[in-house]
Amino acid sequence: MNPGRAAKLFLMIAVLLSLLLLAAGQSPAEQKSSTGKEQAGSGKQALLIAEKGKTSALILVAEKAEPEEELAAQDLAKYIGMMSGATPSIANTAKTIAAALQGKHPVFLIGQEALKADKSLAAALKKPVTVKGLLRSDAIVLKRKANRVYLAGSNKLSHYFAVLELLRRWGC
């Protein structure tokens, strides 16, 4: 096996291990909280992202976002649009982000913007990264709190992985 292929395989294994460790620390209700489905018995309201081809949901990404975060926002908007017929807007200026955070509509915070809005995410991301024996690992966190869905990772590429995990849970 060539060194480049071995490094990619190792990275994929590290990502999967981190995902498993992160998921192991969540209750089933927390794991389902970002899917937009009704959470039977959890007492939480379902987060309605789109209905009848319309959405008021917004995707927030930092003004000076890394290319991976911008791509994550674009892909999330694209796939929500494909699933529902309604594509959410992407907010990436301080003014539009502040306005979105004041509203009651669904908001997806990606990467730096998620870490800035919820300081507890950084601590959650540090847990899996400290797994013994790994030279490098990526960790992600998906968290729903009221009308907000936080999608972040331990590095710029992991922010994109967080969005991919949400889409995977939605069946994409």
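Above: the structure in question.
First, a word on scope: everything that follows refers to the structure included in this document.

The rules behind these values
Residues numbered from 1 in each chain as written. Predicted model: local features only at pLDDT ≥ 70, side-chain atom pairs only at ≥ 80, totals over all residues. Heavy atoms only, no water. Helix = DSSP H or I, 4+ residues; strand = E, 2+ residues; numbered from the N terminus. Expected span 1.5 Å × (residues − 1). Buried < 20%, exposed > 50% of the residue type's maximum accessible area, 1.4 Å probe, protein only. Polar contact = N/O pair within 3.5 Å; in protein donor to acceptor, adjacent residues only side chain to side chain. Contact = heavy atoms within 4.5 Å. Pairing = 2+ DSSP bridges. Salt bridge = Lys/Arg side-chain N within 4 Å of Asp/Glu carboxyl O. Core = buried A, V, L, I, M, F, W, Y, C linked by side-chain atoms within 4.5 Å.

1. Observations concerning helix H7 (residues 156-169)
With 14 residues, H7 ought to run about 20 Å at 1.5 Å a step, and its terminal C-alpha atoms sit 21 Å apart, in line with that. Taken residue by residue, H7 has Ser158, His159, Tyr160, Ala162, Val163, Glu165, Leu166 and Leu167 as its buried positions. The distance from a side-chain oxygen at the start of H7 to the backbone nitrogen of Leu157 is 3.1 Å, and the residue carrying that oxygen is Asn155. Of the residues trailing H7, Gly171 is marked for its positive phi of about 95 degrees.

2. Focus on helix H3 (residues 67-84)
Across its 18 residues, H3 extends 26 Å between first and last C-alpha, which sits within 8% of the 26 Å expected from 1.5 Å per residue. Lining the buried residues of H3 we find strand S1 (58-60), strand S2 (89-91), strand S3 (107-110), helix H5 (112-117), strand S5 (148-153) and H7.

3. With respect to the pairing of S5
The element S5 is largely enclosed, with a buried count of 5 among its 6 residues. Both S3 and S5 contribute to a ladder of 4 bridges, which runs parallel. Residue pairing in the sheet places Leu109 in a bridge with Tyr150 of S5. Here strand S4 (residues 140-145) hands over to S5 after 2 residues, with Ala146 in that stretch at a positive phi of 60 degrees.

4. Focus on the pattern of salt bridges
In total, this model carries 4 salt bridges according to the counting rule given. When the shortest N-O distance is used, the salt bridge between Glu113 and Lys116 registers 3.9 Å. In this pair, Glu113 and Lys116 are both assigned in helix H5, 3 residues apart and thus about one turn of the helix distant. The residue Asp118 makes a salt bridge to Lys143 at a minimum N-O spacing of 2.6 Å. With Asp118 in the loop between H5 and helix H6 (120-129) and Lys143 in strand S4, this pair connects stretches of sequence that are 25 residues apart. A network of salt bridges, in which partner residues are shared, links Glu165, Arg168 and Arg169.

5. Section: the nonpolar core
Counting 24 residues, the largest nonpolar core has Leu76, Phe108, Ile110, Leu151 and Trp170 as its most contacted members. Contributions of two or more residues to this core are made by H3, S3, S4, S5 and H7. If sequence neighbours within four positions are ignored, Leu151 has contacts with Leu76, Phe108, Leu109, Ile110, Gly111, Ala114, Val141, Leu142, Ala162, Val163 and Leu166. Membership of the second largest hydrophobic core comes to 14 residues, among which are Leu58, Ala91, Leu109 and Ala139.

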